[in-house]
Amino acid sequence: QVQLVESGGGLVQPGGSMKLSCTKSGSTFRLIAMGWYRQVPGKERELVATMTSGQSTNYADSVKGRFTISRDNAWNTVYLQMNSLKPEDTAVYYCNARYYSSPREWLDSWGQGTQVTVSS
């Protein structure tokens, strides 16, 4: 029902900035929230930032003050602006959409991921 494609990753120097984009196809009629998660080898996928359909945001403590999640008005694209990047931000970043598949059930849709590498 919902398909997600991330873009914008790559190599960036510590202290630099990068903006990720997540383009969505499919209906947002039953959208609960969209967000960004990241994962490194050997570790669980962790929340980076989320935005609910009511525009409430939530950030991981490790990125507060540095990352900002935003979207276009139609929820076609969700962005993650990353500033003051650190080597520990290196990960594969995944876009997520959580939506109701029925009135009482929800599902998560995930993008394919985009690599972000913070290194000199």
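It should be emphasised that the depicted structure is a prediction, and the values quoted were computed from it without experimental measurement.

### With respect to the overall build of the chain
Looking only at helices and strands, the chain has zero helices and eleven strands in total. Scanning the chain from its N terminus toward the C terminus, one meets helices and strands in the order β-β-β-β-β-β-β-β-β-β-β. Relative to its length of 120 residues, the chain is compact, with a C-alpha radius of gyration of 14 Å against a globular reference of 14 Å. Principal axes of the C-alpha set define a box for the chain whose edges measure 50 × 30 × 25 Å. In the chain, which comprises 120 residues, the share counted as buried stands at 39%. Put simply, of all contacts in the chain between residues at least 6 apart along the chain, 53% involve residues at least 24 apart.

### Considering the state of the cysteines
Per the stated rule, a full pass over the model turns up one disulfide. Paired through a disulfide, Cys-22 and Cys-95 show a sulfur-sulfur distance of 2.0 Å. Between Cys-22 and Cys-95 the disulfide shows an S-S torsion of about -80°. By sign, it is left-handed. With Cys-22 in strand 3 (residues 18–25) and Cys-95 in strand 9 (residues 91–102), the pair connects residues that are 73 residues apart, well separated along the chain. Neither residue differs from the other here; Cys-22 and Cys-95 are each classed as buried.

### Let's talk about the sheet that holds strand 3
Whenever strands of a sheet pair, they do so through backbone hydrogen bonds, lying parallel or antiparallel. Strands sit in the order 1-3-8-7 across an open sheet of four strands; the sheet is antiparallel. Looking at which strands have only one partner, the edges of the open sheet turn out to be strand 1 (3–7) and strand 7 (67–71). The average undirected angle you get between the axes of adjacent strands in this sheet is 15°. Pairing analysis gives six bridges linking strand 3 to strand 8 (residues 77–82), with the strands arranged antiparallel. Residue pairing in the sheet places Leu-20 in a bridge with Leu-80 of strand 8.

### Concerning the side chain of Thr-77
Its place among the elements puts Thr-77 in strand 8. Among the residues examined, Thr-77 registers a relative accessible area of 12% and is labelled buried. With sequence-adjacent residues up to four places away left out, Thr-77 is seen in contact with Ser-21, Cys-22, Thr-23, Ser-70, Arg-71 and Asp-72.

### Remarks on the pattern of salt bridges
Taken as a whole and judged by the stated rule, the model has five salt bridges. Of the charged contacts, one joins Asp-89 and Arg-66 as a salt bridge, the two residues approaching to 2.7 Å between their closest N and O atoms. Taken as a pair, Asp-89 in the loop between strand 8 and strand 9 and Arg-66 in the loop between strand 6 (57–59) and strand 7 lie far apart in primary sequence, 23 residues in all. As far as the burial class goes, Asp-89 and Arg-66 line up, both buried. Measuring nitrogen to oxygen at the nearest pair gives 2.9 Å for the salt bridge that ties Asp-108 to Arg-98. Residue Asp-108 is located in strand 10 (residues 105–110), and its partner Arg-98 is located in strand 9; the two are separated by ten residues in the primary sequence. The partly exposed category is assigned to Asp-108, whose relative accessible area is 27%. When salt bridges that share partners are traced, they join Arg-38, Glu-46, Arg-66 and Asp-89 into one network.

Rules used throughout
Residues numbered from 1 in each chain as written. Predicted model: local features only at pLDDT ≥ 70, side-chain atom pairs only at ≥ 80, totals over all residues. Heavy atoms only, no water. Helix = DSSP H or I, 4+ residues; strand = E, 2+ residues; numbered from the N terminus. Rg over C-alpha atoms; globule rule 2.2 N^0.38 Å. Buried < 20%, exposed > 50% of the residue type's maximum accessible area, 1.4 Å probe, protein only. Contact = heavy atoms within 4.5 Å. Disulfide = S-S within 2.5 Å. Pairing = 2+ DSSP bridges. Axes fitted to C-alpha atoms, helices over the stretch in contact; angles between N-to-C directions. Salt bridge = Lys/Arg side-chain N within 4 Å of Asp/Glu carboxyl O.

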